[in-house]
Structure formats: C-alpha cells, structure tokens
Amino acid sequence: MKGIYSALLASFDEQGKINEQGVREIVRHNIDKMMVDGLYVGGSTGENFMLSTEEKKQIFEIAKDEAGSEVKLIAQVGSINVYESIDLAKHATALGYDAISAVTPFYYKFSFEEIKDYYNMIIDSVDNRLIIYSIPFLTGVDMSVEQFGELFENPKIIGVKFTAADFFLLERMRKAYPDKLIFAGFDEMMLSAAVLDVDGAIGSTFNVNGPRARQIYELAKAGKIEEAREIQHTTNDLIAAILDNGLYPTIKCILEEQGVHAGCCRKPMASATPEARIRAREIYKQYIK
Ligand code: NGF
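Residues numbered from 1 in each chain as written. Predicted model: local features only at pLDDT ≥ 70, side-chain atom pairs only at ≥ 80, totals over all residues. Heavy atoms only, no water.

*Asks:* Requested: an account of the state of the cysteines, with residues and values cited.
*Replies:* What the rule picks out here adds up to zero disulfides. The thiol of Cys253 is unpaired, and the distance to the nearest cysteine sulfur, on Cys265, comes to 8.4 Å. A residue is classified by how much of its surface remains accessible, and Cys253, at 7% relative accessible area, is buried. Of the residues examined, Cys265 reaches a relative accessible area of 5% and is grouped as buried. (Disulfide = S-S within 2.5 Å. Buried < 20%, exposed > 50% of the residue type's maximum accessible area, 1.4 Å probe, protein only.)

What follows is the structure, given as structure tokens:
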C-alpha cells in the first residue's frame, strides 16, 4: 500500500449532479499522466462530506470501475453517522477496495473512548484494513502518540493519513510504530515528511502535480535532499498560487485546461469565478504545461 496517492477530485455539473464521465476522466488522468500508485477516493478533495450516501457509493463504483486493478484504491468512509460509515465500508469492500479510511468523527467533541469505539465498529464490520484519517485543522480532533497506539492495537488498523504540520508528533509516531503505514497529507510539506520516513503521501495537488510529488518523495528517500528541496520549492510556488486562487476550483480549472472534465464544485462550495479561471490558466501555463 506504500506510495503516492492522489486524493481524487469529483466532478459535478452546474446542478450539482455527479458527472460520471468527468470522474472517469479524472481517474484516467491520474493513472495515465500523473502516474500515481493509488487513489484516495471520497476524501476532502472529493467534496465527500457534501454528498448523500448514495452519491458516495456512486463515486466509489465509478472510480473502481475505471481504475480496475491498475492502482491501489482506498475508500474514505468516515462520517459522524457511524452506521453510514459501516454501510460505506461494506460497499467499498464488496467493490474490491484495497483498504478503507475514516476521518476522525467531527463536530461534537467526542471523547477518545468514543473515537476508538467508532473505528473498531467500522473496521470490525468488514474483512478489510483501515487507515485513520487525521486532519486536526478541519476536525478539531488532536490525538496523542499513545492514543494512536491504542487505535493501532486493532491489527486491522494499519496506518494513518497524517494531515498536520506537527513534525514532532510525526517523528514520535514513526519511531513508536515502525510497522504501521504513515501517509503524509500536506503536499507542501512532503519533503519534511519524507525525511522522517513516511510510507507515502496522499494529496489533492497530485491530481495536477503528480510527477513532481513522486520526484520529491523518491529523491528524499534516496538522501538527495538538495535536489528534492529544489523541486519542493517549485511545487510550493505552484501550491501557494493554487491556495491563493481557491484550492479545489483551481485544481479543477487546471484539469479542464488539459481536456479533463473536472466540472464544477458541489454547493455550498463555490466554483471558480471568471477571474479565478483566468488566473488558473496562468498558473497552469507557468507551472505545469
Ligand atoms: O485538501 C486538504 C484539506 N488536504 C489535502 C489532503 O490532505 C486531503 C492536501 O493535499 C486529502 O487527501 C483528502 O482527503 O482529499 C492539501 O489540499 C494540500 O496539501 C494543499 O494544502 O486540507
């Protein structure tokens, strides 16, 4: 399961309906052009938390149907409705997903015991493996190295997608759990995470910057830090420009520039304005074309 995974974007039409052909094109672009090792389906980048259960299942189905066994597939099934998560976990497992992942339950201030119960309920319902999705800046859920350790006591919980800038915690986790998979979640910090020996990375910008992401990761693993740093600098010029212009709408516009029908965002998330589209074209020409 190690390697570079694109956090898969979803494609919607102007009415907010899933554009199946667009999703298929995004999958193909990631496999054929970005050359990623896998896809993380139904994450933040997939605008998952704004979708109905049936729509989440549809995205899992389309991605699996298009990707087949060409790359590894991880289905993000987390929800504060744990019964929905279980339903999604069963669906993704039946489709043949290589692993499931679940964001820490959010909105309410759940205790650690409740969070642990949530993870065990989800993974114990399926014959599959689970990767914890930790993204404290969006969920407000911070866990300690010991708490991760308690979750890892379930052997079916095989790792974590670590979207945080806490490199002290990351280093402690790496040392404490050498056999668990740790995926870096912030693309702009990939070099630092790779130096700490993560097992891979999962990111939104890999949908348009996959080859550079792989270079950074592989150079860092080979100890070629200066070369990796140069590519991280260029990558971060790109990421800074994308963030400044609107993260997901800009990545979608950059894909559209390449003939991939990435479409609109799902409301209440706004799609790119005409000005943002023009800026996205400039970003594409400057950093990617
Ligand atoms: O989009 C976010 C939200 N984070 C992604 C990634 O961690 C999320 C990250 O690639 C993800 O993998 C998913 O669930 O879809 C950033 O977009 C990127 O580093 C730019 O900040 O924070």
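And the narrative resumes.
*Asks:* Explain the site of the ligand residue by residue, including any values.
*Replies:* Taken together, 21 residues surround the ligand, and among them Thr45, Gly185, Glu188, Ser204 and Tyr248 come closest. Here an oxygen atom of the ligand and a side-chain polar atom of Thr45 are 2.6 Å apart. Contact distances for the ligand include 2.5 Å between an oxygen atom and a side-chain N or O atom of Tyr248. Contact with the protein chains covers 96% of the free accessible surface of the ligand, which is 500 Å². Of all elements in the fold, only α5 (136-139), β8 (200-203) and α11 (247-257) reach the threshold of two or more residues within the shell around the ligand. The residue inventory of the shell around the ligand, partitioned by class, reads eleven nonpolar, seven polar and three charged. (Near = heavy atom within 4 Å. Polar contact = N/O pair within 3.5 Å; in protein donor to acceptor, adjacent residues only side chain to side chain. Areas by Shrake-Rupley, 256 points an atom, 1.4 Å probe, with all protein chains shown as cover. Helix = DSSP H or I, 4+ residues; strand = E, 2+ residues; numbered from the N terminus. Nonpolar A, V, L, I, M, F, W, Y, C, P; charged D, E, K, R; others polar.)

*Asks:* Provide a residue-level description of the UniProt feature "binding site: pyruvate" (unreviewed entry) in the protein, including the pertinent values.
*Replies:* As recorded in UniProt, the feature "binding site: pyruvate" (unreviewed entry) lies at Thr45 and Ile202. The annotated residues occupy 158 residues of the chain but converge on a single region, no pair of C-alpha atoms lying more than 10.5 Å apart. Not counting chain neighbours up to four residues away, the residues in contact with Thr45 comprise Ala7, Leu8, Leu9, Ala10, Ser204, Asn207 and Tyr248. Here Ile202 shows up in strand β8. Judged by its relative accessible area of 1%, Ile202 falls in the buried class. Leave out the neighbours within four places in its chain, and Ile202 touches Tyr5, Ala7, Tyr40, Lys161, Phe183, Ala184, Gly185 and Asp187. (UniProt positions renumbered as here; feature names shortened; annotations may be inferred. Contact = heavy atoms within 4.5 Å.)

*Asks:* Describe the UniProt feature "binding site: aceneuramate" (unreviewed entry) in the protein, and please don't skip the residues or the numbers.
*Replies:* This chain's UniProt record puts "binding site: aceneuramate" (unreviewed entry) on Ser44, Thr45, Thr163, Gly185, Asp187, Glu188 and Ser204. Turning to its location among the elements, Thr163 is positioned in the loop between β6 (157-162) and α7 (167-176). For Thr163, a relative accessible area of 3% translates into the label buried. Thr163 has contacts with Tyr133, Ser134, Ile135, Pro136, Gly185 and Phe186, leaving out every residue within four places of it along the chain. When you line up the elements, Asp187 lands in the loop between β7 (181-184) and α8 (190-195).

*Asks:* Can you lay out the pattern of salt bridges for me, pointing to particular residues and giving the numbers?
*Replies:* A side chain with one charge can pair with a side chain of the opposite charge if their charged atoms come near. Per the stated rule, a full pass over the model turns up 20 salt bridges. Residue Arg266 is joined to Glu55 by a salt bridge in which the shortest nitrogen-to-oxygen separation is 3.0 Å. Here Arg266 is found in the loop between α11 and α12 (274-287), whereas its partner Glu55 is found in helix α2 (residues 53-67), with 211 residues between them in sequence. Overall, the relative accessible area of 15% leaves Arg266 in the buried class. The salt bridge partner of Glu150 is Lys116, with a shortest N-O separation of 2.8 Å. (Salt bridge = Lys/Arg side-chain N within 4 Å of Asp/Glu carboxyl O.)

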